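# Per-entry structural report
Chain by chain, the residues:
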Amino acid sequence: MSRKFPTTEAFLKDGKIDPKVQDALLSDPKVQEAMKKSGEQALSNPAVQDAIFKAAKDNLTAENAQKVANAAKEWAQDPEVQAKARHYAGMAMAYAGQAGQSIIGCIEQGPDGLRWLCFLLAVLTVGWAGYDVFTKVLSFQWLFIPMSLFQMFFAFTSALFEAKPEHVVKFGMTKYQDMLLEYAKFISTTLGRGVFYIYQGMLWFIVVGAHDIAKWFNLFNLVSLALGASFIVMGGLHIAMHYGIMPQEVVVKAKVAAAKATGAGYQKVDAAEP
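Here the structure is a predicted model, which means the values were calculated and not measured.

To continue, consider the overall build of the chain. Scanning the chain from terminus to terminus reveals 11 helices and four strands. Relative to its full complement of 274 residues, the chain shows a buried share of 47%. Summarising the internal contacts of the chain: among those between residues at least 6 apart in sequence, 63% fall at separations of at least 24. About 14000 Å² of surface is accessible on the chain, with carbon and sulfur atoms providing 65% of the total.

The relation between two aromatic rings is expressed through the spacing of the ring centres and the mutual angle of the planes. Under the defined criterion, the tally for this structure stands at 12 aromatic pairs. Between F153 and Y176, the aromatic rings sit 6.4 Å apart at their centres with planes inclined by 50°, giving tilted as the arrangement. Here F153, found in helix α7 (residues 145–160), pairs with Y176, found in helix α9 (residues 174–183); they are 23 residues apart in sequence, far enough to count as distant. Taken together, the aromatic side chains of F150, F153, F154, F156, Y176, F186, F196 and Y199 make up a single cluster linked through ring pairs.

As a further point, take the pattern of salt bridges. Per the stated rule, a full pass over the model turns up six salt bridges. E33 is the partner of K37 in a salt bridge, and the nearest nitrogen-oxygen pair spans 3.4 Å. Pair noted here: K37 and E33 are both in helix α2 (residues 29–38), with a separation of four residues, about one helical turn. In this structure K37 comes out as exposed when scored by relative accessible area, which is 65%. What makes E33 partly exposed here is its relative accessible area of 45%. As a salt-bridge pair, E63 and K67 come within 3.8 Å of each other at their nearest N and O atoms. Of this pair, E63 and K67 both sit in helix α4 (residues 62–75), four residues apart, which is roughly one turn of that helix. Residue E63 is classed as exposed on the basis of its relative accessible area, which comes to 56%. For K67, a relative accessible area of 37% translates into the label partly exposed.

Bringing the nonpolar core into the picture now. Generally speaking, a soluble globular protein has its nonpolar side chains buried in company with each other. L25, L26, M35, L43, I52, V68 and W75 are the most contacted members of the largest nonpolar core, which has 31 residues in total. Mapped onto this core, the elements with two or more residues apiece are α1 (19–26), α2, α3 (46–59), α4, α5 (79–88) and β3 (249–256).

Between the first and last C-alpha of α3 there are 20 Å, a value that for 14 residues agrees with the 20 Å anticipated at 1.5 Å per step. Taken as a whole, α3 has its buried residues at V48, Q49, A51, I52, A55 and A56. Buried positions in α3, seen along its axis, are confined to an arc of 155° and lie on one side of it. Turned more than 90 degrees from where α3 packs its buried face, P46, K57 and D58 sit exposed.

Let us look at the UniProt feature "transmembrane region" (unreviewed entry) in the chain. UniProt marks residues 113–131, 143–163, 183–207 and 219–240 with the feature "transmembrane region" (unreviewed entry), using the numbering shown here. Here residues 143–163 runs as 76% helix and 0% strand, with 32 Å between its end C-alpha atoms. Across residues 183–207, the secondary structure splits into 76% helix and 0% strand, with the terminal C-alpha atoms separated by 28 Å.

Time to look at a nonpolar patch on the surface. Together, Y131, F134 and L138 give the surface a local cluster of nonpolar side chains, amounting to about 340 Å² of exposed area. Considering the arrangement of structural elements, one finds L138 in helix α6 (residues 112–138).

Below, the discussion takes up unusual backbone geometry. Of note, the phi angle at F140 is positive, near 60°, even though the residue is not glycine. As for its position among the elements, F140 is in the loop between α6 and α7.

The next point concerns helix α11 (residues 219–242). Here α11 is 24 residues long and its end C-alpha atoms lie 35 Å apart, about the 34 Å a rise of 1.5 Å per residue gives. Within α11, burial applies to F220, N221, S224, L225, L227, G228, F231, M234, G235, H238, A240 and M241. Elements that come into contact with the buried residues of α11 comprise α6 and α10 (190–208). The positive-phi residue at the C-terminal boundary of α11 is G244, with phi of around 80°.

About the criteria used
- Counting of residues starts from 1 at the beginning of each chain's written sequence and follows it residue by residue.
- Given that the model is predicted, a residue must reach a pLDDT of at least 70 before its local features are reported, and side-chain atom pairs must reach 80 or more before they are shown or counted; all residues, however, enter totals for whole chains, interfaces and linings.
- Side-chain numbers here rest on the full set of heavy atoms in the structure, without hydrogens or water.
- Under the scheme used here, helices are H or I runs from DSSP no shorter than 4 residues and strands are E runs no shorter than 2 residues, and both carry numbers assigned from the N terminus.
- Each residue is placed in one exposure class: buried if its accessible area under a 1.4 Å probe, protein chains only, is under 20% of its type's maximum, exposed if it is over 50%, and partly exposed if it falls in between.
- Residues are treated as being in contact if the distance between any of their heavy atoms lies within 4.5 Å.
- All accessibility values rest on the Shrake-Rupley procedure with a 1.4 Å probe; residue burial counts only the protein chains present in the view.
- Pairing of aromatic rings covers Phe, Tyr and Trp, the last through its six-membered ring, and needs centres within 6.5 Å; plane angles under 30 degrees mean stacked, over 60 mean edge-to-face, and all others mean tilted.
- Any Lys or Arg side-chain nitrogen found within 4 Å of a carboxyl oxygen on Asp or Glu counts as a salt bridge.
- To qualify as a nonpolar core, a set must consist of buried Ala, Val, Leu, Ile, Met, Phe, Trp, Tyr and Cys residues joined through side-chain atoms within 4.5 Å.
- To estimate the expected span of a helix, count its residues, drop one, and scale the result by 1.5 Å.
- Regarding the arc, it is the one traced by the directions from the helix axis to the C-beta atoms.
- UniProt positions are given in the numbering used here, feature names are shortened, and annotations may be inferred rather than shown by experiment.
- Patches draw on residues past 30% relative accessible area with no salt bridge. Two like charges within 9 Å are joined, as are two nonpolar side chains (Val, Leu, Ile, Met, Phe, Trp, Tyr) within 5 Å.

What follows is the structure, encoded as structure tokens:
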């Protein structure tokens, strides 16, 4: 989906293009179409660069459009910009970068405050669902244990895409996240994760039995309902980010083959706002 062009100047004082303008250009439908046809050439394809110039010409001044045309040639040599362009065009993300760098994929995230709320919600869910497993074991309610285990697993998985990238590396979860980026890519997008959050919220309502109000008035059910409602709200906010109602940013995940000691690294792309 195309992002709205910001009202700011196209280029910053240091001569670099405004990241928000760059995002708007790369997410232009005509640029995305040209990207899909370019194959492995991507941004280095003259047709893609021409599409970027036309998008700039339609939305910026003639002077700035020409500057964008010149800058687009440099973007073709930048693995971060290449990754972001491929992500917006819905193209496969695994490809060789520079200096032994392999781009694994991109992760869409919201503002820091929202990320931490979602991360905290996931941590609380793991703890509360773990407590539920404990009580079910003591009361021999074996059939209900898998539901809580799935809730713990889903919340933990969600948290990986809200945590700071360096923390994912530090705690050795990068291989699991790489697998998710390949086989469950929807979690890396704000739309996919938003739907996933709503699903997790509905699971809490199912556990409580939301149709039976008489069951609500005890501590466990009240906390469970609060968690469920919070997941649904967080899901709605993520879906809003996908449609440009709220700002979001894209994190480019890159693995450096030469740096075996450090494993994987990440590089963050500037925020994009509607």
